[in-house]
Amino acid sequence: MMSGLIFLACIILVVPSTYQESLGGLVELDEVSFNKLVPKFDATVVKFDVAYPYGDKHDTYVALSKESKDVDNLLFAQVGVKDYGEKDNEAFAKKYGADKNNFPVVKLFLKDKSKPITFDDSEEFTIDRLRQFVREQSGIYLSLPGCIRSLDLLAIKFKNSDTDKRKSIAKETEKVLENLSKEVAGNGKIYKTIMEKILEKGDDFIQTEITRVNKLLAGKISNEKKNELSQRINILKSFLLPLKNYKEEL
């Protein structure tokens, strides 16, 4: 009997410490700390989940939090909800449409918006989709697979310039391509090709091309081709990032 109690006590002590290690760079919030901390950041991603979450979705969320640790204006946080005892954070989570029937629920809170934006995980809960969601909705730069930061910045600058300036940026892009490693040179050329197509066909080319590539992705293709096309879409979307978030860098 005594040995059983000792074993149970060990579990109670070990689980919280192991859980804390699994949080990575996440900040644990309750309603009070939420109201104090979230307004200080341009964007805050909050996962409403069980008190001690685990599994693939939790691991994915933690991985992106760790990856984004150097992005100063972005916070990754978590609200742990208990459906026992004093039911910590249960009412707070329900305020944002989250409960044990739909956990985990990921919300993006933006400083200039009164209501959060919900991450739709009905298709997939992957690090790429979560990263893209945060980037597109907040305008904060998070590098997507296949993208190259220096060329992403040129893509933003290109999209927000007049025709003459665009031609100059296209030439500037050629110089960047000369210094790329062999591993990323192929994707670098895609930026240049997109610029040339936009100069030829206009800004509508971006959305038209995204639609075309998505149709190809919906067909029966190899995993290698799927990865290639997905990266092409990521690069195309770099031309749609808002200028206001990158003016200082440009």
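For the structure, see preceding data.
These figures come from a predicted structure and were not determined experimentally. (Residues numbered from 1 in each chain as written. Predicted model: local features only at pLDDT ≥ 70, side-chain atom pairs only at ≥ 80, totals over all residues. Heavy atoms only, no water.)

Asks: Looking at this structure, how should I read helix 7 (residues 163-178)?
Replies: Because an α-helix completes one turn every 3.6 residues, residues spaced three or four positions apart along the sequence face the same direction. Under the 1.5 Å per step criterion, the end-to-end length of helix 7 is 24 Å for 16 residues, consistent within 8% with the ideal 22 Å. Restricting attention to buried positions, one finds in helix 7 the residues Arg166, Ile169, Ala170 and Thr173. All buried residues of helix 7 lie within an arc of 110 degrees about the axis, which places them on one face of the element. Facing away from the buried side of helix 7, by more than 90 degrees, are the exposed residues Asp164, Lys171, Lys175 and Glu178. Its buried side turned inward, helix 7 meets helix 6 (149-159) and helix 8 (182-201). (Helix = DSSP H or I, 4+ residues; strand = E, 2+ residues; numbered from the N terminus. Expected span 1.5 Å × (residues − 1). Buried < 20%, exposed > 50% of the residue type's maximum accessible area, 1.4 Å probe, protein only. Arc of directions from axis to C-beta. Contact = heavy atoms within 4.5 Å.)

Asks: Whenever I open this one, the sheet that holds strand 4 (residues 105-110) confuses me. Can you help?
Replies: Strand pairing in a sheet relies on backbone hydrogen bonds, with the paired strands running either antiparallel or parallel. Taken together, the five strands give an open sheet; going across it, the order is 1-3-2-4-5, and neighbouring strands pair in mixed fashion. Among the strands making up the open sheet, the edge pair consists of strand 1 (27-28) and strand 5 (117-118). By the bridge criterion, six bridges tie strand 2 (residues 43-50) to strand 4 in an arrangement that is antiparallel. Residue pairing for strand 4: Lys47 is matched across the bridge by Val106. Helix-sheet contacts for helix 3 (residues 56-67) involve strand 2, strand 3 (74-81) and strand 4, and the interaxial angle to strand 3 is about 150 degrees. Seen against the sheet, helix 5 (residues 127-138) touches strand 2, strand 3, strand 4 and strand 5 and runs at an angle of roughly 25 degrees to strand 4. (Pairing = 2+ DSSP bridges. Axes fitted to C-alpha atoms, helices over the stretch in contact; angles between N-to-C directions.)

Asks: I tried to follow the side chain of Gln78 on my own but got confused; where do I start?
Replies: Looking at the element boundaries, Gln78 is found in strand 3. Gln78 gets classed as buried once you look at its relative accessible area, which sits at 0%. Reaching out from Gln78, the side chain makes a polar contact with the side chain of Lys47 at a distance of 2.7 Å. (Polar contact = N/O pair within 3.5 Å; in protein donor to acceptor, adjacent residues only side chain to side chain.)

Asks: What's the story with the pairing of strand 3 in this structure? I'm lost.
Replies: Walk down a regular strand and you will see the side chains alternate between the two sheet faces. Of all eight residues making up strand 3, eight are buried, and the element is well covered by its neighbours. Neither face of strand 3 is exposed, since Leu74, Phe76, Gln78 and Gly80 on one face and Leu75, Ala77, Val79 and Val81 on the opposite face are all buried. Alignment of strand 1 against strand 3, held across two bridges, turns out to be parallel. By the bridge assignment for strand 3, Val27 is matched with Ala77. For strand 2 and strand 3, the ladder comprises eight bridges, and the chain directions are parallel.

Asks: Can you walk me through the pattern of salt bridges in this structure?
Replies: Charged atoms that come close allow side chains of opposite charge to pair. The tally for this structure, following the rule as stated, stands at 16 salt bridges. Measuring nitrogen to oxygen at the nearest pair gives 3.2 Å for the salt bridge that ties Glu228 to Lys225. Taken as a pair, Glu228 and Lys225 lie in helix 10 (residues 223-238) at a separation of three residues, close to a single helical turn. We classify Glu228 as partly exposed; its relative accessible area is 44%. Judged by its relative accessible area of 35%, Lys225 falls in the partly exposed class. Salt bridges sharing common partners tie together Glu67, Asp128 and Arg131. (Salt bridge = Lys/Arg side-chain N within 4 Å of Asp/Glu carboxyl O.)

Asks: I keep staring at the nonpolar core and nothing clicks. Help me out?
Replies: One recurring pattern in soluble globular proteins: nonpolar side chains tend to sit buried together. Counting 21 residues, the largest nonpolar core has Tyr191, Ile194, Met195, Ile198, Ile235 and Phe239 as its most contacted members. Elements supplying a minimum of two residues to this core: helix 6, helix 7, helix 8, helix 9 (204-218) and helix 10. Ranked by residue count, the leading element in this core is helix 8, at five residues. Those residues in contact with Ile235 that sit more than four places away from it in its chain are Gly146, Cys147, Asn187, Ile190, Tyr191 and Ile194. (Core = buried A, V, L, I, M, F, W, Y, C linked by side-chain atoms within 4.5 Å.)

Shape descriptors only; they carry no functional weight alone.
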